[in-house]
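The lines below spell out each chain.
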Amino acid sequence: MTNILVFIDVPDGSLHKSQLELLTLARTLGQPVAAVSGPVSDAVAEALGEYGATAVFQPAAADLDAVLTVRKADFLAAVMDQAQPQAVLLPNTFEGKEIAGRLSIKRRSGVITDAIAVAHDFTATKSVLAGAYTVEAQVRTGTPIITFKANSIEAEPAPEAASPQLETVAFASEAPAAQVTGRTGKPSSGRPELSEARVVVAGGRGVNGDFSAVEDLADALGGAVGASRAATDAGWIEHSAQVGQTGQTVSPQLYISAGISGAIQQKAGMQTSKVIVAVNKDPDSPVFEIADFGIVGDLFKVLPQAAAEIRKRKG
Amino acid sequence: MQEPALNIVVLVKHVPDAQFDRHLSDDDYTLQRDESILSELDEYALETALQLSEARGGPKAGNIVTALTMGPPAAANAVKKSLQIGATQGLHVCDDALAGSDAAGTSLALAAAIRTLGNVDLVLTGMASTDGETSLVPAQLAERLGLAQITLASAVELNGGTVTARRDSDTHSDTLQAPLPALVSVTDQINEPRYPNFKGILAAKKKPVTQLSLADLGLDAADVGAAGAWTTVVAAKPRPARSQGTIITDEGDAGIRLVDFLAGQKLL
Ligand SMILES: Cc1cc2nc3c(=O)[nH]c(=O)nc-3n(C[C@H](O)[C@H](O)[C@H](O)COP(=O)(O)OP(=O)(O)OC[C@H]3O[C@@H](n4cnc5c(N)ncnc54)[C@H](O)[C@@H]3O)c2cc1C
Ligand SMILES: Nc1ncnc2c1ncn2[C@@H]1O[C@H](COP(=O)(O)O)[C@@H](O)[C@H]1O
């Protein structure tokens, strides 16, 4: 029996699209078993079952979120010992990579980050050097630990739901760790999360302080709003909207870049998008080199016209 | 009252300049390292270290900022630049057997090098290397050294034996606290790195740089480099240019043509 261990973080008590994608991937590799970072509600257990998880592990210790990542790695190491998985899958978030890093040393196992596909022999495909190369990488020591990018696979429920067995795992946690001593939530925009969105509309210096055209097109498409560092540095939009090397890495079905020149650091965060559309006044802008559809034009004319047309066609 | 002097290590990586095309070699898929520079993202860590040191009286008061790199002979340039910017001393782990190291081998060698520095209060790193981009080294290093870690800090403060940091995510902003010694990785939001000035460039020539081989660190060549890597790249191909794309010039109807394109791609 091939167990594929999937790490599931549930701070808000529900499963996200990217977690369903991880479970879907796990089913192509073997039999998914889930390690959930907090107490598992009936609803979460049922959803995990629908996506094929045959066993679900929860930590005996309470709030793993009170401490930064270290306890999650401790927990996952204990689950590895119990479930003896053939591979471990985590989300390719900063936290996922950090847990993977800690876990890899604990269990002497190699990690591959940023995977966009994983084959039956656990060979992972990823893009490196800001998208300049696509490589196939393998783990040769220990149990493959792979962090998998959101939107790289279509989430699908299992043909037949499983009713997973719930097990509580006790583990030692003495390692020094950072405490979370304060947390302020940010107001929700009501739009999908940038890292998981199927559509991202991003604006750069070209929006010149006014994101309304970008936001309006994002809303017409049901997408998230992204930005270049020039736009976030100028304070036009929150830093968390930044896409790129030092911002978020996104891989949506559709990325619309507006008023962004396409610097290497910006490309690093969006080049694996399935379809790239660029709107820029300057025909020589490097962003056109990676665009599937490019429009040389003024974003303040093109975006509102497109948004109105979409709303018209959707009726 | 002045707080006790700090012993800080900053990790500085020597990486190919992203302004130029970067290439993987055809035989072993390792990165070609000509045109390399100090990783821009590590300059933020160095600036953080210098500010913390200066707040306690700088080198005169006994504060030490060690710039540590692991890499081929040319990586000495990353240390040199750090000394010019203001680090007090340099440490360069250099050994032919390290070529081809993955994050596991890198963190092993860096951990051993840090242990040679005695009681270190703080290890500072960049949020990711601009070539490897895995962000694995800080977490692996913290695990190997048994340190608490705070990653992606956008503000850092030291108070007595505690480091306090801010970390922002999509949905919230956290305040984090860890006991020293600790490892902290910083983002490009934390500060504006300074440039080396003429005085700094002259002063750097007199600053000590120590080179360490695997033997100096008591490490076995079989545990590092390509031989000891826990992961391996088995194939690599340059990404085909996406130049097949259609480029149009707006003649008043580009928004509608965009929607036609999206409809054709079934993206509506
Ligand atoms: C260490 C480091 C990390 C970085 N990390 C990131 C990162 O994560 N993400 C990131 O994005 N950048 C990052 N950068 C910055 C990056 O190098 C670029 O400076 C930045 O992406 C430029 O943003 P921009 O394209 O919006 O601005 P610009 O390069 O100024 O481009 C603006 C574009 O808007 C166009 N334009 C202007 N007006 C209009 C209009 N009305 N309609 C249509 N087009 C218009 C112009 O033709 C131009 O092409 C980083 C840089 C460094 C050094
Ligand atoms: N060879 C190296 N020498 C010094 N520091 C390194 C090295 N590799 C990684 N680092 C540090 O670890 C951080 C994250 O790197 P990475 O895990 O490769 O993304 C970098 O910003 C550096 O501070």
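Treat the numbers as computed from the prediction; the structure is a model and nothing was measured.

**Q** Describe in detail the sheet that holds strand 9 (residues 162-168) of chain B, supporting the description with residues and values.
**A** Taken together, the four strands give an open sheet; going across it, the order is 10(A)-10(B)-9(B)-8(B), and neighbouring strands pair in antiparallel fashion. The sheet is open, and its two edges are formed by strand 10 (179-185) of chain A together with strand 8 (155-159) of chain B, each paired on a single side. Direction aside, the axes of adjacent strands within the sheet are offset by 15 degrees on average. Here strand 9 of chain B pairs with strand 10 (residues 172-179) of chain B via seven bridges, running antiparallel. Bridge pairing in strand 10 of chain B links B:R166 to B:T175.

**Q** Report on the site of ligand 2, specifying residues and quantitative values.
**A** Residue and element names in this part refer to chain B. Near ligand 2 lie 19 residues; those nearest to it are D42, M70, S129, S135 and V137. Here an oxygen atom of ligand 2 and a backbone polar atom of T134 are 3.2 Å apart. For ligand 2, whose free accessible area comes to 480 Å², the fraction covered by protein is 97%. Looking at the shell around ligand 2, the elements with two or more residues in it are strand 4 (64-70), helix 3 (103-115), strand 6 (122-126) and helix 4 (136-145). Grouping the constituent residues of the shell around ligand 2 by class yields nine nonpolar, seven polar and three charged.

**Q** Before we move on, can you summarise the side chain of A:S257 with the specific residues and values?
**A** When you line up the elements, A:S257 lands in strand 13 (residues 254-258). Each residue touching A:S257, except ones within four places of it in the same chain, is listed here: A:A202, A:V277, A:A278, A:V279 and A:V287.

**Q** Report on the pattern of salt bridges, specifying residues and quantitative values.
**A** Opposite charge on two side chains permits them to pair, given that their charged atoms come into close proximity. All names here are of chain A. For the structure shown, the criterion picks out 26 salt bridges over all chains. Across the pair D114 and K97 runs a salt bridge, and its minimum N-O distance is 3.8 Å. Here D114 is found in strand 5 (residues 111-118), whereas its partner K97 is found in helix 4 (residues 94-106), with 17 residues between them in sequence. Across the pair, exposure class does not vary: D114 and K97 are buried alike.

**Q** Any chance you could break down the UniProt feature "domain: Electron transfer flavoprotein alpha/beta-subunit N-terminal" (unreviewed entry) in chain A for me, citing the residues and the numbers?
**A** As recorded in UniProt, the sites labelled "domain: Electron transfer flavoprotein alpha/beta-subunit N-terminal" (unreviewed entry) are residues 4-184 of chain A. Taken as a whole, residues 4-184 of chain A contains 27% helix and 31% strand, while its terminal C-alpha atoms sit 35 Å from one another.

**Q** Describe the interface of chain B and chain A, naming the residues involved and giving the relevant values.
**A** Between chain B and chain A, the contact holds 81 residues from the first and 85 residues from the second. Summed over both sides, the interface of chain B with chain A buries roughly 7,100 Å², with 56% coming from carbon and sulfur. Across the contact surface, chain B and chain A share six salt bridges. The salt bridge partner of A:R183 is B:D174, with a shortest N-O separation of 2.7 Å. No other element matches helix 8 (residues 254-264) of chain B, which puts ten residues into the side of chain B that touches chain A. A breakdown of the residues in the side of chain B that touches chain A according to their chemical character gives 36 nonpolar, 27 polar and 18 charged.

**Q** Help me get a handle on the domain arrangement of chain A, residues and values and all.
**A** A common way to express how large an interface is: the accessible area buried when the components associate. Residues and elements named next belong to chain A. Taken domain by domain, chain A consists of domain 1 (3-169) and domain 2 (199-314). Listed by partner, the interface residues are eight residues for domain 1 and ten residues for domain 2. Here domain 1 packs against domain 2, burying approximately 690 Å² in sum over the two surfaces, 52% of which is carbon and sulfur. Interface area lost by domain 1 to domain 2 is led by A130, K149 and N151, which between them contribute 62%. Taken together, the links from domain 1 to domain 2 amount to zero salt bridges. Between domain 1 and domain 2 we count two residue pairs in polar contact (both at pLDDT 80 or more) in total.

Rules and cut-offs
Residues numbered from 1 in each chain as written. Chains lettered and ligands numbered in written order. Predicted model: local features only at pLDDT ≥ 70, side-chain atom pairs only at ≥ 80, totals over all residues. Heavy atoms only, no water. Pairing = 2+ DSSP bridges. Helix = DSSP H or I, 4+ residues; strand = E, 2+ residues; numbered from the N terminus. Axes fitted to C-alpha atoms, helices over the stretch in contact; angles between N-to-C directions. Near = heavy atom within 4 Å. Polar contact = N/O pair within 3.5 Å; in protein donor to acceptor, adjacent residues only side chain to side chain. Areas by Shrake-Rupley, 256 points an atom, 1.4 Å probe, with all protein chains shown as cover. Nonpolar A, V, L, I, M, F, W, Y, C, P; charged D, E, K, R; others polar. Contact = heavy atoms within 4.5 Å. Salt bridge = Lys/Arg side-chain N within 4 Å of Asp/Glu carboxyl O. Buried < 20%, exposed > 50% of the residue type's maximum accessible area, 1.4 Å probe, protein only. UniProt positions renumbered as here; feature names shortened; annotations may be inferred. Buried area = accessible area lost by both parts, 1.4 Å probe. Domains from an automatic or database assignment.

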